Amino acid sequence: MTLGLVAGAVLAVLAVLYVARPFLREPTPSSDVLDEPGELERRRLELVEERDRALLALKELEFDHRTGKITDGDYRAVVGPLRRRAAAALQALEPRAEARHERIPSSR
Amino acid sequence: MAGLGRAALLLSLGLVVYAVVAGSYAAWKRRRRLALSAQNALLASFGSTLVAALVLWSALARRDFSFVYVSEHINHSLPLGYALSAFWGGQEGSLLLWLLILSGYAALAVWLNRRTRDLIAWVVPVLAGVAVFFAFMLCFVSSPFKTAPAPADGAGMVPSLQNPYMLAHPPLLYLGYVGLTIPFAFAMGALLSRRTDERWIVATRRWTLAAWTFLGVGQLLGAHWAYVEIGWGGYYAWDPVENAALMPWLAATAFLHSVMIQEKRGMLKLWNMILVALAFCLSIFGTFLTRSGVINSIHSFSQSPLGGWFLGFIAFVTAFSVVLIYVRLPLLRTRTKLESLVSREAAFLYNNLLLVAFCLTILWGVVYPLLTEALRGETRSVSKPYYNFFLHSFGLPLLLVMGIGPLIAWRRASLRALGKMFLLPLAAAVVTGVALIALGLGSSTPGLLAYTFSAFVAVSIALEFWRGTRATGSLMRLVARNRRRYGGYLVHAAVLLFAIGVAGSSAYQTVRERGLRPGQSMAVAGYTLTYEQLQSRQESNALATRARIDVSRGGSHVTTLYPGKNSYPVAPGGPTTSNEVSIYHDPRNLGDVFLIADQIDKSGTLYLKALVKPLVNLIWAAGFLFVFGSLVAMWPDAVEQRRLAERYAAGAVAA
């Protein structure tokens, strides 16, 4: 019984220390704010997902065409809009890339 | 030691309550250190729950009958393996297993996704909230650490649980039930943090697949346990507790398909949230059915007074999910529309509607007797014909959709392309149907349809692999490039084997029953069964009586079978007897000769029930293919991992 209680108490102390660890490691942090994606980052994510979806759709379309699931006529009708969508998403992401590339030399 | 177990559980409860309160506050007020502290509390709760579990396992291994749980579930003569499996044989131990798996899963999921802090900040309190319920139940309602003066021996274990399958079936089911908490928590976390992009889906894709696989394998093992142990000659009786595991599996199957539409087309965001919440609610409902004793079934050994608490928790989870989804509706609207009703995504949609309709009809079949009893005081039961009707109504079209889907292109398909793609599968279906009728096997319409559709699906899957291999140049390259798709097709092939096995063993089975004296014979489906003699043997925990039956075919000896009964002098509720079936697996028709010694009277007359079940072994073979296909689909893809890492790297830009 006593051994059990001692073991329980040790377990509790260890747990409390582990839970308090973030405060013990950083008693006075420079920033205690939880990262949150801003509006710009959310928009970037939306565009990246859109780009990935369009590229994946193009890949699937090519594969369906090669395996005969889609006729040449259907392929031609679908591939154009898909390519435009992928290009639009890539283009929308590009200025951000350029902006970052521009920032890199100036920060050195 | 019981004191340590109680202390560990109280500590777990304290930690998860802290994780809910501190975690919610931290996520709301954007406090980084507090969020990390809540995360650590959730991780630590796994450690303390593990200590509690080890205390119980140790008490079972030592047969410490001062633990009430131990004295009620095992006795001295029970082999060690079964003694340890008593951990999940009773209500308190099962709840502890739930909490152990949940805290383990939660710790792993949080640790793996620790970099996605804004999403994890809300996932932690949701996971902890579920854990609070189970920890509270274990501390204050149903403790496995109650003690009493130790009796000389324990009550023993229910004989039907003394089967090797019981070592794996319940833990696998629990791994599945509990696993569905992870996608639920991430979905709710995504709604709470307003992150309704695909991040939560990416984080939970493998979790859902793993939980779904565990649930599927757990059910299959349960079916095999019922087949070899219960002794009625079947593997699925539409028992409410069996249905309880089937419902979340069906909802999760629908989710696994519809989530692909969200990933590929950005559609069905709302539907996916509903499905993930439905699957989780049904997994809690399944635990409620198994553990509350609300339904009197073959699983009624686990009756207990937990019902009210579980119902309250289910009501709370349902209300929480509905309100949260409703509040976040504007974030779940999508601009993409279905381009054609004849497309791959439309086939996925039909599959979803059939799966959910089937799931809800089963739910109604389970709930209806409970409602009539609660509201009108009448005892009603929903039996096999009800479920079989809906199995045929939804299951057969589902089988067909499984073959049609892969043949159609994404977005839209022209009639010309469809004609070309459907030609071979249709021809195979027609040939199979005609051949079955010609062979005189057209007596069962559902059986005939099942085999015709199966031929269609088999050829469509084979064509998918053949065309894909031709396009990429190698089968290995084909599968490696799209593991999810081809792993999925392997799972479809497993479902196909399962359907063929079910149709063969139910629509075309033969049953004969006769009283036999030693030396007498009976004939069934081409086999001759001769009762030779009765023999008895004392085992460690039971007296085994067996009838020796010679099985022959066309005058040649095939095998000897030993159906009989086991008498257990020690069992909960007093001495009891169980049926011990004997089975011959016939490699010729992949079926079984299944013998049950229904009665053995004092004069030595054996009332023998014989069932010949063609193709039944395909059901169990399907299990291996199911696991293999799931593993292929789950296996990490380095290219995809890199793409996703780039996508979610903060501040990253297009490559």
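Treat the numbers as computed from the prediction; the structure is a model and nothing was measured.

**Q** I would appreciate a short explanation of the overall build of chain B in the present structure.
**A** When its secondary structure is counted, chain B shows 21 helices and 10 strands. Counting only C-alpha atoms, chain B reaches 85 × 75 × 55 Å along its principal axes. Here chain B holds 655 residues, and 52% of them are scored as buried. Taking contacts inside chain B between residues at least 6 apart in sequence as the whole, the part at least 24 apart equals 72%.

**Q** Explanation requested: the overall build of chain A in the structure shown.
**A** Looking only at helices and strands, chain A features three helices and zero strands. What you see in chain A, going N to C, is helices and strands ordered as α-α-α. In chain A, buried positions account for 22% of the 108 residues.

**Q** Would you mind showing me how to read the confidence of the model for chain B here?
**A** Residues shown with low pLDDT carry predicted positions that ought not to be read at fine detail. Residues and elements named next belong to chain B. Across chain B, pLDDT averages 90, with 97% of residues at or above 70. Within the model, pLDDT remains below 50 along residues 297-302, and this stretch shows 14 contacts once partners closer than five positions in the same chain are excluded. Below pLDDT 50 for its whole length, residues 651-655 participates in 12 contacts with residues either more than four positions away or in separate chains. Note on the complex model: pTM 0.90, ipTM 0.82.

**Q** For this particular structure, what's the right way to read unusual backbone geometry?
**A** Phi is mostly negative for residues that are not glycine, and the peptide bonds are mostly trans. All names here are of chain B. One non-glycine residue, arginine 30, lies in positive phi territory at about 60 degrees. Tracing the sequence through the fold places arginine 30 in the loop between helix 1 (2-29) and helix 2 (32-62). By the C-beta count within 10 Å, which is 15 here, arginine 30 ends up partly exposed.

**Q** Can you help me understand the interface of chain B and chain A in this one?
**A** The figure often quoted for interface size is the accessible area lost as the parts come together. Across the contact, 49 residues belong to chain B and 49 residues belong to chain A. Within the residue set of the side of chain B that touches chain A, elements represented by two or more residues are helix 1, helix 2, helix 6 (117-141), helix 10 (240-265), helix 16 (415-438), helix 17 (445-472) and helix 21 (638-648) of chain B. Grouping the constituent residues of the side of chain B that touches chain A by class yields 25 nonpolar, seven polar and 17 charged.

**Q** Help me understand the nonpolar core, please; the structure alone is not making it clear to me.
**A** Generally speaking, soluble globular proteins have nonpolar side chains that are buried together. Residue and element names in this part refer to chain B. Judged by nonpolar contacts, the single largest core of 217 residues is most densely connected at Ala19, Leu42, Ala131 and Ala251. Take this core: its biggest share by element is 17 residues, from helix 6. Apart from residues lying up to four places away in sequence, alanine 251 is in contact with Leu275, Leu278, Ala279, Leu282 and Cys359.

**Q** What is the right way to read the packing of helix 1 (residues 2-25) of chain A against helix 1 of chain B from this model?
**A** Viewed as axis vectors pointing N to C, helix 1 of chain A and helix 1 of chain B meet at an angle of 20 degrees, and their least axial separation amounts to 8 Å. One finds that helix 1 of chain A runs roughly parallel with respect to helix 1 of chain B. The crossing of helix 1 of chain A and helix 1 of chain B is right-handed. Contacts between helix 1 of chain A and helix 1 of chain B involve Gly4, Leu5, Ala7, Gly8, Leu11, Ala12, Ala15 and Val19 of chain A on the former and, on the latter, Gly3, Leu4, Ala7, Ala8, Leu11, Leu15 and Tyr18 of chain B. For the contact of helix 1 of chain A with helix 1 of chain B, the residue count by class is 12 nonpolar, three polar and no charged.

**Q** Just checking my understanding: could you explain the packing of helix 9 (residues 199-230) of chain B against helix 10 of chain B for this structure?
**A** Angle between the axes and distance between the axes are the two parameters that describe a pair of packed helices. All names here are of chain B. Look at helix 9 against helix 10: their axes get within 10 Å of each other, and the N-to-C directions meet at 150 degrees. Viewed along their axes, helix 9 and helix 10 adopt a mutual orientation that is roughly antiparallel. When the axes of helix 9 and helix 10 are compared, the crossing they make is left-handed. Between helix 9 and helix 10, the residues in contact are Ile201, Thr208, Leu209, Ala211, Trp212, Leu215, Gly216, Gly218, Gln219 and Gly222 and Glu242, Ala245, Leu246, Pro248, Trp249, Ala252, Thr253, Phe255, Leu256, Val259, Gln262 and Glu263, respectively. Residue composition of the contact of helix 9 with helix 10, by class: 13 nonpolar, seven polar and two charged.

**Q** Just checking my understanding: could you explain the sheet that holds strand 1 (residues 510-516) of chain B for this structure?
**A** Working definition: the strands of a sheet are paired by backbone hydrogen bonds and lie parallel or antiparallel to each other. All names here are of chain B. Strand order in the open sheet made by the four strands is 1-10-9-8, with antiparallel pairing throughout. Edge positions in the sheet fall to strand 1 and strand 8 (582-586), since each has one partner strand and no second. Ignoring strand direction, the axes of neighbouring strands in this sheet form an average angle of 15 degrees. Direction of pairing for strand 9 (residues 591-600) relative to strand 10 (residues 606-613): antiparallel, over a ladder of eight bridges. Looking across to strand 10, one finds that isoleucine 596 is bridged to lysine 609.

**Q** When you look at the environment of leucine 84 of chain B in this model, what are you seeing that I'm missing?
**A** Residues and elements named next belong to chain B. If you trace the backbone, leucine 84 turns up in helix 4 (residues 80-85). Under the C-beta neighbour-count criterion, leucine 84 is labelled partly exposed, with 17 such atoms within 10 Å. Here the alpha-carbon distance between leucine 84 and alanine 622, two residues 538 residues apart in the chain, equals 29 Å. Leave out the neighbours within four places in its chain, and leucine 84 touches Trp57, Leu60 and Ala61.

**Q** What is the right way to look at helix 10 of chain B in this model?
**A** Turn by turn, an α-helix covers 3.6 residues, leaving residues three or four places apart pointing in a common direction. With 26 residues, helix 10 of chain B should cover 38 Å at 1.5 Å per step; its first-to-last C-alpha distance of 37 Å lies within 8% of that length. Where helix 10 of chain B terminates, the next one or two residues include glycine 266 of chain B, which has phi positive at roughly 70 degrees.

**Q** Mind showing me how you'd approach the environment of proline 636 of chain B here?
**A** The topology assignment puts proline 636 of chain B in the loop between helix 20 (617-634) and helix 21. Sequence separation between proline 636 of chain B and arginine 484 of chain B is 152 residues; the distance between their C-alpha atoms is 9.7 Å.

**Q** Before we go on, may I ask you to explain helix 2 (residues 39-66) of chain A in this structure?
**A** Taking 1.5 Å per residue, 28 residues should reach 40 Å; helix 2 of chain A reaches 41 Å between its end C-alpha atoms and fits that length. Directly beyond the C-terminal end of helix 2 of chain A, a positive phi value near 85 degrees is found at glycine 68 of chain A.

**Q** I keep staring at the pairing of strand 2 (residues 521-524) of chain B and nothing clicks. Help me out?
**A** Residues and elements named next belong to chain B. Alignment of strand 2 against strand 3 (residues 527-538), held across four bridges, turns out to be antiparallel. Bridged to alanine 523 within strand 3 is threonine 528. Hairpin connection from strand 2 to strand 3: two residues lie between these consecutive antiparallel strands, with alanine 525 at a positive phi of about 45 degrees.

**Q** Looking at this model, I keep getting lost on the environment of glutamine 39 of chain B. Mind explaining?
**A** All names here are of chain B. Structurally, glutamine 39 is set in helix 2. Its 27 C-beta neighbours within 10 Å are what place glutamine 39 among the buried residues. Beyond its immediate stretch of four places on either side in the chain, glutamine 39 contacts Val110, Ile120 and Val124.

The rules behind the values
- Residues numbered from 1 in each chain as written.
- Chains lettered and ligands numbered in written order.
- Predicted model: local features only at pLDDT ≥ 70, side-chain atom pairs only at ≥ 80, totals over all residues.
- Helix = DSSP H or I, 4+ residues; strand = E, 2+ residues; numbered from the N terminus.
- Buried ≥ 20, exposed ≤ 12 C-beta atoms within 10 Å, placed from the backbone.
- Contact = placed C-beta atoms within 7 Å.
- pLDDT = per-residue confidence, 0-100.
- Nonpolar A, V, L, I, M, F, W, Y, C, P; charged D, E, K, R; others polar.
- Core = buried A, V, L, I, M, F, W, Y, C linked by C-beta atoms within 7 Å.
- Axes fitted to C-alpha atoms, helices over the stretch in contact; angles between N-to-C directions.
- Parallel < 35°, antiparallel > 145°, perpendicular 65-115°, else oblique.
- Left-handed = near helix turned anticlockwise from the far one by under 90°.
- Pairing = 2+ DSSP bridges.
- Expected span 1.5 Å × (residues − 1).

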